[in-house]
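Below are the chains, spelled out letter by letter.
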Amino acid sequence: MKKILMIGTGGTIASEMTPEGLTPELNTHQLLAYLPRIAQLCHVDCIQLYSLDSTSIHPTHWLGTAQAIREHYDDYDGFVISHGTDTMAYTAAALSYLVQDSPKPIILTGAQKPIWFDGTDSKRNLTDAFLYACRGCGGVQIVFNGRVILGTRARKTYSKSFRAFSSVNYPDLAVVQDEHLLQYIRCESRPRPLFYDRLDPNVGLLKLIPGTEDALAEFMLDRYDGLIIESFGVGGLPEYDGGHLYDVVRRGVERGKLVVMTTQVPNEGSDLMVYHVGGHLKSTLRLLEAYDMTTEAAVAKLMWIMGQTREFSEVERLFYQPVAQDILRFGDE
């Protein structure tokens, strides 16, 4: 029988009702008490790492989770992390960079309804997560509503529905139905994972809207050493009378700021060279393009890279080097 470590971090799945709304209060042992079936699938040990609404998850919690996996890695066949849904995609992406090429499954799951709630999705998601941790492939993945999604490709696309997550620009890895696993794609792994213990959280995200003022971009580039800019369509910076966003970004890049251009459009990614507003930017400034990466993965990857280096040529190499299939650059295939 496989040995699985369950790591609790809080979230809706572990929440109780309070006068001010749902608050994570149940620990991992209490969650498992609702699911005696899991004891028939595997032997489970539990640790309660955090009890947080995932809105309050911070990069320090990603590091703590990765450290817990590292400390217990040799003792278990897989890991199940119960987590709130709101920032689960960020955590899954971050763990994909902090624990790379794991031959053992590292599975995140949670729920849209607490485990005690009538009609909850908690019981199915937890059971599926443990089943996949026992039978699935290695790497960091989200198991939710019967779907298995690569950690670097997940995004929460529904705020209330049970089908909360989508796989962006990449197929689902597997499906779980009535405890039957159908694995479509297996993740690459090494005999042992590569663990990292440094992130630099000094990364900001600027979502452009029509009429974004120069002062906002200037503030962000003053405040953060790394800035991800979510532009429109295939990407670029707006050009309008009285606006000088290009010059603001140019000055930031010249000061050594790391700028990543991406798109607000969920599917198909960026391609800066299609239009002048992007092509002029890319051909004249030293910056990066996220292509088909999710914003969640781009944020986590830049934090991981900045924890290792600030030298641009090395930053560029690491950013474009795929980790857990996080980027498939256009024109490379």
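For the structure given in this document, a descriptive report is provided here. (Residues numbered from 1 in each chain as written. Predicted model: local features only at pLDDT ≥ 70, side-chain atom pairs only at ≥ 80, totals over all residues. Heavy atoms only, no water.)

1. Overview of the pattern of salt bridges
Then, number 1: Scanning the entire structure with this criterion turns up 20 salt bridges.
Then, number 2: Measuring nitrogen to oxygen at the nearest pair gives 2.6 Å for the salt bridge that ties Glu179 to Arg37. Of this pair, Glu179 sits in the loop between strand 12 (174-177) and strand 13 (180-183) while Arg37 sits in the loop between helix 1 (28-33) and helix 2 (38-41), placing them 142 residues apart in sequence.
Then, number 3: When its relative accessible area of 30% is taken as the criterion, Arg37 is described as partly exposed. (Salt bridge = Lys/Arg side-chain N within 4 Å of Asp/Glu carboxyl O. Helix = DSSP H or I, 4+ residues; strand = E, 2+ residues; numbered from the N terminus. Buried < 20%, exposed > 50% of the residue type's maximum accessible area, 1.4 Å probe, protein only.)

2. Observations concerning unusual backbone geometry
Then, number 1: In the Ramachandran plot, Tyr291 falls in the positive-phi region, its phi being about 50 degrees despite a non-glycine side chain.
Then, number 2: Since its relative accessible area comes to 6%, Tyr291 is described here as buried.
Then, number 3: A positive phi angle, near 55 degrees, is found at Gln325, a position not held by glycine.
Then, number 4: You can call Gln325 partly exposed: its relative accessible area is 29%.

3. So, the packing of aromatic side chains
Then, number 1: Inspection of every chain in the model, using the stated rule, returns nine aromatic pairs.
Then, number 2: Between Tyr73 and Phe79 the ring centres are 5.8 Å apart and the planes differ by 20 degrees, which places this aromatic pair in the stacked class. For the pair formed by Tyr73 and Phe79, the shared burial category is buried.
Then, number 3: Residues Trp116 and Phe117 carry aromatic rings whose centres are separated by 5.8 Å and whose planes lie at 55 degrees to one another, so their mutual orientation is tilted.
Then, number 4: Accessibility expressed as a relative area gives 36% for Phe117, which makes it partly exposed.
Then, number 5: By the ring-pair criterion, three or more aromatic residues cluster together here, those being Tyr73, Tyr76, Phe79 and Phe195.
Then, number 6: Above the face of the Tyr73 ring, Lys104 is positioned so that its terminal group lies 4.5 Å from the ring centre. (Phe/Tyr/Trp six-rings, centres within 6.5 Å; stacked < 30°, edge-to-face > 60°. Lys NZ or Arg CZ within 6 Å of the ring centre and 35° of its normal.)

4. Quick look at the pairing of strand 3 (residues 21-24)
Then, number 1: Direction of pairing for strand 2 (residues 15-18) relative to strand 3: antiparallel, over a ladder of four bridges. Bridging across to strand 3, Thr18 finds its partner in Gly21.
Then, number 2: Here strand 2 folds back onto strand 3, and the loop between the two strands holds two residues. (Pairing = 2+ DSSP bridges.)

5. Observations regarding the pairing of strand 1 (residues 3-10)
Then, number 1: Of all the eight residues making up strand 1, seven are buried; the element is thus mostly covered by neighbouring parts of the structure.
Then, number 2: As paired elements, strand 1 and strand 4 (residues 43-52) share seven bridges and run parallel to each other. What sits directly across from Ile4, in strand 4, is Val44.
Then, number 3: Alignment of strand 1 against strand 5 (residues 78-82), held across five bridges, turns out to be parallel. Residue Ile7 lies in a different strand from strand 5, and its bridge partner there is Ile81.

6. Some details on the sheet that holds strand 15 (residues 203-207)
Then, number 1: What the four strands build is an open sheet, ordered 15-16-17-18; its pairing is parallel. Every other strand in the sheet has two partners, leaving strand 15 and strand 18 (288-289) as the edge strands with one partner each.
Then, number 2: As paired strands, strand 17 (residues 258-263) and strand 18 are joined by two bridges and run parallel to one another. Counted as the bridge partner of Met261 is Glu289 from strand 18.
Then, number 3: Against the sheet, helix 6 (residues 214-223) touches strand 15, strand 16 (226-231) and strand 17, its axis set at about 170 degrees to strand 15. (Contact = heavy atoms within 4.5 Å. Axes fitted to C-alpha atoms, helices over the stretch in contact; angles between N-to-C directions.)

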